[in-house]
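Fold and geometry: a report
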Amino acid sequence: MNALHRWAIALALLCFAPYAEAELLGAKTETIASRVLHQERKIEVYLPVESTQQPAGRYETLYVLDGDWNTKLAIEIVDFMRQLGMIPPVVVVSVPNYFDAHGVNSRDRDLTPSVVADEPRSGGASDFLAFLKDELIPFVDQRYPTNGIRLVHGHSYGGLFLMYVLENAPDAFDGYLVLDPAMWWDKNSFKAGLRDRLPSMPTRGKAVYIAGRTGLGAKDMGLDDLEPILRAALPRALEWRMKLYEDETHDSLKIKATYDALKFAYGGYTQDRIDVAPDAGIMLEGQPAPLAVFGNRIDVHYTTDGSEPTAASPRYEEGPIVVSDPGKTRVRLISTRGEFDRDVPVNLKFGAALPPSWALTSGKSSKDWHYTLYSLEQWKTNQLAMRPAKPLRQGTVTQELSLKGLGLERVAGRLDRNLAIPADGYYVFGVHGSHAHLRLGDTALISNDGPDERMQSFLVPLRKGVYPLSVDFESATEDPSLYVAVAQLPDAHTRWWAQPPPWLELKSR
């Protein structure tokens with residue numbers, strides 16, 4: 001691995017946060033005396049563990065229809081995705097079917113939108129929708145820490161019912177996870193209404209994911225001609241997707257499709273850092289500079305004319321973003337439903353090139369780093385007393401400095417050198433380490449006063465000549481490390497963070 005690739009990895013580290021130790025708590029069973037359905041309907045509510053840690057927190061809700069057999073799968077996938085930081089904490093509400101005294105399941109009635117001759121108990125979707133909207137959702141919102149944003153999961157008849165909800169009450173939910181819906185119902189007649197009613201459905205904050213199977217599976221479920229209907233009927237601003245899965249059965253589809261549907265509905269959510277590199281810096285007017293974006297599972301768009309970035313704006317792939325005017329450059333994370341949109345700061349500004357301290361021919365430059373290492377405890381004590389600390393070790397190195405063998409786990413230190421700049425241009429300085437401060441002459445470029453060991457970088461225009469460079473650092477862990485690098489930028493279109501070799505670097509561990 002070349003050294004600047006190591007810098008790229010260090011830069012990328014700033015977008016990763018520790019994975020969440022998250023899971024759903026055990027079920028809380030509730031009973032609702034439904035006046036609409038004339039039944040006592042049981043539900044199960046699963047709260048995120050964060051609800052016990054943050055009593056004031058409020059969370060999105062995922063309703064799972066056919067909860068008898070779909071909830072276990074849903075909560076396992078939610079737990080898995082939470083542990084990877086792919087979705088936020090959510091409340092899961094299981095909505096099981098009702099069985100009467102004779103053991104007859106109510107789903108044939110509740111989830112079907114019309115009465116058909118050979119299904120005398122069918123056609124109760126309107127009542128079941130009223131139950132959800134007027135009784136169940138208010139009940140959950142009054143008793144549990146919800147934030148008013150709701151997703152719903154339905155498979156087979158449940159998927160058919162969700163298509164009915166989209167047509168008749170799309171505001172009831174914000175995210176629709178529609179799995180292998182039984183669109184064959186009533187001789188496919190239900191599809192006709194989609195063409196008339198879907199064009200007027202709201203789009204803001206909505207996401208619709210429809211899963212089916214390829215081949216005969218699609219034909220059997222009435223999905224073989226559904227996508228063209230949706231493409232023509234759904235508003236262009238709506239975030240939706242239809243995917244047909246190969247080599248799956250009606251039931252095995254649920255595993256992949258539940259995961260993919262949640263991933264789509266929560267597209268753009270991340271608990272990781274999103275940063276640009278350089279973090280900050282100085283630009284010269286008329287001389288564009290490259291900008292990189294580091295993040296995980298993100299959809300980043302940008303503009304360079306001061307306008308608001310949207311999903312239609314240029315998308316950041318692997319960079320760079322060529323910045324001509326930092327005041328007009330805007331970077332934004334775009335999420336599927338807009339709930340997790342985030343502006344990413346661009347901390348560049350116009351200024352002047354820093355002048356060198358000496359001419360390049362003055363003999364002041366050196367390839368050696370001068371280092372002085374101290375006990376961290378003694379360093380801090382003497383700083384408070386405003387007296388010099390006694391060094392543990394002093395010397396010079398070229399590219400690597402060992403922090404081992406000092407008899408101490410935590411150290412402080414200072415690095416100095418005279419940096420020879422071979423040509424006028426942009427340079428990026430990077431430091432990966434805790435409590436690290438980098439100065440060029442009398443100018444502080446990077447100051448990390450926190451314990452987080454993350455890469456920080458600064459863009460600066462320099463002139464040909466020699467500059468005094470110094471780095472002070474304090475280790476915050478028992479495994480101290482420091483990485484310092486400087487990249488010379490050939491032009492504004494170069495992926496400088498991934499190009500070998502580095503112009504200068506120092507590794508300390």
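Quick caveat, the model's predicted, so the values are computed rather than measured. (Residues numbered from 1 in each chain as written. Predicted model: local features only at pLDDT ≥ 70, side-chain atom pairs only at ≥ 80, totals over all residues. Heavy atoms only, no water.)

Among all positions of helix α9 (residues 226-233), only Leu-226, Ile-229, Leu-230 and Ala-233 are buried. Seen end-on, α9 carries its buried residues on one side only, within an arc spanning 95 degrees. Of the exposed residues in α9, those oriented more than 90 degrees away from the buried face are Pro-228, Arg-231 and Ala-232. For α9, the secondary structure elements touched by its buried residues are α6 (157-168), α7 (191-197), β7 (207-213) and β8 (239-245). (Buried < 20%, exposed > 50% of the residue type's maximum accessible area, 1.4 Å probe, protein only. Helix = DSSP H or I, 4+ residues; strand = E, 2+ residues; numbered from the N terminus. Arc of directions from axis to C-beta. Contact = heavy atoms within 4.5 Å.)

On to the sheet that holds strand β5 (residues 146-155). The strand order across the open sheet built from eight strands is β1-β2-β4-β3-β5-β6-β7-β8, with neighbouring strands paired in mixed fashion. Every other strand in the sheet has two partners, leaving β1 (28-34) and β8 as the edge strands with one partner each. Averaged over all neighbouring strand pairs, the angle between strand axes comes to 20 degrees, with direction disregarded. Pairing between strand β2 (residues 39-46) and strand β4 (residues 90-95): three bridges, direction antiparallel. What sits directly across from Tyr-46, in β4, is Val-92. Contacts from helix α3 (residues 67-83) reach β2, β3 (59-65), β4 and β5 within the one sheet, and its direction differs from that of β3 by about 145 degrees. The strands touched by α9 within the sheet are β7 and β8, with β8 carrying the most contacts at an inclination of about 170 degrees. (Pairing = 2+ DSSP bridges. Axes fitted to C-alpha atoms, helices over the stretch in contact; angles between N-to-C directions.)

Attention now moves to helix α10 (residues 253-265). End to end, α10 covers 18 Å across 13 residues, agreeing with the expected 18 Å (1.5 Å per residue, within 8%). Inspection of α10 places Leu-253, Lys-254, Ala-257, Thr-258, Asp-260, Ala-261, Leu-262, Phe-264 and Ala-265 among the buried residues, and these make up the whole buried set. In the core, the buried residues of α10 are packed alongside β3, α3, β5, β6 (175-179), β7 and β8. (Expected span 1.5 Å × (residues − 1).)

With 90% of its residues at a pLDDT of 70 or more, the protein has an overall mean of 89. Across residues 1-5, where pLDDT falls below 50, the model places twelve contacts with residues more than four positions away in sequence or in other chains. Counted against residues more than four places away or in other chains, residues 13-18, with its pLDDT under 50, gives 17 contacts. (pLDDT = per-residue confidence, 0-100.)

What follows concerns the nonpolar core. Counting 57 residues, the largest nonpolar core has Phe-161 and Tyr-176 as the members making the most contacts within it. Beyond its immediate sequence surroundings of up to four residues, Tyr-176 is in contact with Val-152, Leu-162, Val-165, Leu-166, Ala-169, Pro-170, Asp-171, Ala-207, Val-208 and Tyr-209. If you look at the next biggest cluster of nonpolar residues, it comprises 32 residues, including Leu-373, Leu-401, Tyr-427 and Val-484. (Core = buried A, V, L, I, M, F, W, Y, C linked by side-chain atoms within 4.5 Å.)

This part is about the packing of helix α5 (residues 125-143) against α6. At a closest axis distance of 11 Å, the pairing of α5 and α6 adopts a crossing angle of 75 degrees. Relative to α6, α5 is oriented roughly perpendicular. Within the contact between the two elements, α5 uses Ala-125, Ser-126, Phe-128, Leu-129 and Leu-132 and α6 uses Phe-161, Tyr-164 and Val-165. (Parallel < 35°, antiparallel > 145°, perpendicular 65-115°, else oblique.)

Before going further, it helps to spend a moment on the sheet that holds strand β14 (residues 330-333). Spatially, the three strands line up as an open sheet ordered β12-β14-β15, and their pairing is antiparallel. Looking at the sheet topology across the chains shown, the edges are occupied by β12 (300-303) and β15 (342-344). Here the average twist between neighbouring strands, direction ignored, is 30 degrees. Pairing between β14 and β15: three bridges, direction antiparallel.

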